Amino acid sequence: MQLFDQIQDCIQYIHKHIQFEPTVGMVLGTGLSGLADEIEVVHRFEYSELPHFPVSTVESHKGQLIFGHLEGRAVVAMAGRFHYYEGYTMQQVTFPIRILKYLGIQQLILSNASGGLQTHIEAGDLVFIRDHINLHAGHSLRGENDERIGPRFPDMMYAYDPKWLAHATQIAKENNIRAHQGVYAGLQGPSLETPAEYRYLHIIGGDVVGMSTVPEVIVARHMDLPVFVLSVVSNKCFPIEDLTPTTIEEVLEVVEQASPKAALIVKEIVRLM
Ligand code: HPA
């Protein structure tokens, strides 16, 4: 079945259960999973019941598509996302972003956890992504292109909406939250980087590094969806003299502590949208 028909299938299934028109879509990654509890829920779908959706395998992710209200806005949130390192194809990883678009959202917000690649970026800081470097092995738009969905060669000049970057930076300032704008280097994972790789990523212009987001942003831009990405820095990776071994437990703990700050920013952004 073609991608376009799979999308229609899934949208039809959702509309059979609810008539709800979200304007904002959110991917609640590692940094923002707690925000799912703040949504006044209208309906929840388990990913497993949605036609053509992959099923989440990472423990820290829930795997639900949640419809409801946040800050007075009609939202749809993915509680849990799919990573390429889990073994899904790029098309599977990004299928939910297609669904969010065809549900009618006008803005997409994503969050992630990342490693900091600049001396001034500390664990627990927030980074609003202003650009990316795609170092993934596969590409989410590889294969036949369906012009009904988007163009063959989508532009990436304004991949990250400058307006929301400016708003987020202002909100952080007003609330005394340590935050930066930065470039996200997207890698496949799942191993963390070696010291030489962290240095390389710093040299080529990365401010943070992570294992998600880039395939989703590319697919969102393929469909002309404006994107805002908030990254929670879970570990400091530069200068490499300061490197210590990183465990997933430490990553999750730092992110957990920083998540109220991340939630505050996203709620303010949603309110303004
Ligand atoms: N590297 C890649 N992905 C990450 C890291 C890292 O250091 N920290 C959190 N996600």
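Read on for a plain summary of the structure. (Residues numbered from 1 in each chain as written. Predicted model: local features only at pLDDT ≥ 70, side-chain atom pairs only at ≥ 80, totals over all residues. Heavy atoms only, no water.)

### A word on the overall build of the protein
Here is the rule: To qualify as a helix, a DSSP run of H or I must reach at least 4 residues; to qualify as a strand, a run of E must reach at least 2; elements of each kind are numbered from the N terminus. Computation of the radius of gyration draws on C-alpha atoms, with the globule rule given as 2.2 Å multiplied by the number of residues to the power 0.38. Per-residue accessibility, obtained with a 1.4 Å probe over protein chains only, is compared with the maximum for each type, and a residue is labelled buried under 20%, exposed over 50%, and partly exposed between these values. Residue contacts are counted whenever heavy atoms from the two residues lie within 4.5 Å of one another. Here, Shrake-Rupley sampling with a 1.4 Å probe gives the accessible areas, and only protein chains in the shown set may cover a residue. Charge convention: Lys and Arg are scored as positive, Asp and Glu as negative, and His as well as the terminal groups of each chain are ignored. Where a charge sits is defined by one atom per residue type, namely NZ (Lys), CZ (Arg), CG (Asp) or CD (Glu).
Of the regular secondary structure elements, the protein holds 6 helices and 9 strands. The C-alpha radius of gyration of the protein comes to 18 Å, within 12% of the 19 Å expected for a compact globule of 273 residues. Taken along the three principal axes of its C-alpha coordinates, the protein extends 55 × 40 × 35 Å. Here the protein, with 273 residues, has 55% of them falling under the buried criterion. Restricting to contacts in the protein with at least 6 residues of sequence separation, those with at least 24 account for 83%. For the protein, the accessible area works out to roughly 12100 Å², and carbon and sulfur atoms hold 49% of it. In the protein, 20 positive and 32 negative side-chain charges are present, and the distance between their average locations comes to 5 Å.

### Regarding the pattern of salt bridges
To keep things clear, this is the line we draw: We define a salt bridge as a contact between a side-chain nitrogen of Lys or Arg and a carboxyl oxygen of Asp or Glu at a distance within 4 Å.
One pass over the full model with this rule turns up 8 salt bridges. Where Glu-216 meets Arg-81, a salt bridge forms, and the shortest distance between an N and an O atom there is 2.9 Å. Here Glu-216, found in helix H5 (residues 214-222), pairs with Arg-81, found in the loop between strand S4 (73-79) and helix H2 (90-102); they are 135 residues apart in sequence, far enough to count as distant. Arg-81 shares its class with Glu-216; the two are buried.

### Thoughts on the packing of aromatic side chains
Two numbers describe a pair of aromatic rings. These are the distance of the centres and the angle of the planes. Short version of the rule: We call Phe, Tyr and Trp rings a pair once their centres come within 6.5 Å, taking the six-membered ring for Trp, and we label the pair stacked below 30 degrees between planes, edge-to-face above 60, and tilted otherwise. Charge-over-ring placement is defined geometrically: NZ (Lys) or CZ (Arg) within 6 Å of the ring centre, and within 35 degrees of the ring normal.
Scanning all chains against the criterion turns up 10 aromatic pairs. On the numbers, 6.0 Å between centres and 90 degrees between planes, the contact of Phe-20 with Phe-67 is edge-to-face. Taken as a pair, Phe-20 in the loop between helix H1 (3-17) and strand S1 (24-28) and Phe-67 in strand S3 (residues 64-70) lie far apart in primary sequence, 47 residues in all. For the pair Phe-20 and Phe-67, a shared accessibility class is recorded, and that class is buried. On the numbers, 5.8 Å between centres and 40 degrees between planes, the contact of Phe-128 with Phe-228 is tilted. With Phe-128 in strand S6 (residues 126-134) and Phe-228 in strand S9 (residues 227-236), the pair connects residues that are 100 residues apart, well separated along the chain. Each member of the pair, Phe-128 as well as Phe-228, carries the same accessibility label: buried. Cluster of aromatic residues (ring-pair linked, three or more members): Tyr-47, Phe-53, Phe-82, Tyr-88 and Phe-95. If you follow Arg-148 out to its NZ or CZ, it ends over the ring of Phe-4, 4.0 Å from the centre.

### Here we look at the site of the ligand
Defined as follows: Residues are classed as near a molecule or strand on a simple rule: at least one heavy atom within 4 Å of it. A 3.5 Å cut-off defines polar contacts: any pair of N or O atoms within that distance qualifies, except that in protein one atom must be a possible hydrogen donor and the other a possible acceptor, and neighbouring residues in sequence count only when both atoms are side-chain atoms.
Neighbouring the ligand are Ala-113, Ser-114, Gly-115, Leu-192, Glu-193, Tyr-198, Val-209, Gly-210, Met-211, Ser-234, Asn-235 and Cys-237. The separation between a nitrogen atom of the ligand and a polar side-chain atom of Glu-193 is 2.6 Å. Here the ligand, which alone exposes 260 Å², has 94% of that area covered by the protein. Elements with a contribution of two residues or more to the shell around the ligand: strand S5 (107-116), strand S8 (208-210) and S9.

### Thoughts on the nonpolar core
Just so we agree on the cut-off: Note on terminology: a nonpolar core comprises buried Ala, Val, Leu, Ile, Met, Phe, Trp, Tyr and Cys residues joined through side-chain atoms within 4.5 Å.
Counting 48 residues, the largest nonpolar core has Ile-14, Leu-65, Phe-67, Ile-99, Leu-100 and Leu-108 as the members making the most contacts within it. Broken down by secondary-structure element, the contributors of at least two residues to this core are H1, S3, S4, H2, S5, S6, H5 and S9. The biggest single contributor to this core is H1, with 6 residues. Those residues in contact with Leu-65 that lie beyond four places of it in its chain are Ile-14, His-43, Arg-44, Phe-45, Tyr-47, Leu-50, Val-76, Ala-77, Met-78 and Leu-100. Counting residues in hydrophobic clusters, the runner-up holds 35 residues, among them Ala-79, Leu-230, Ile-265 and Val-270.

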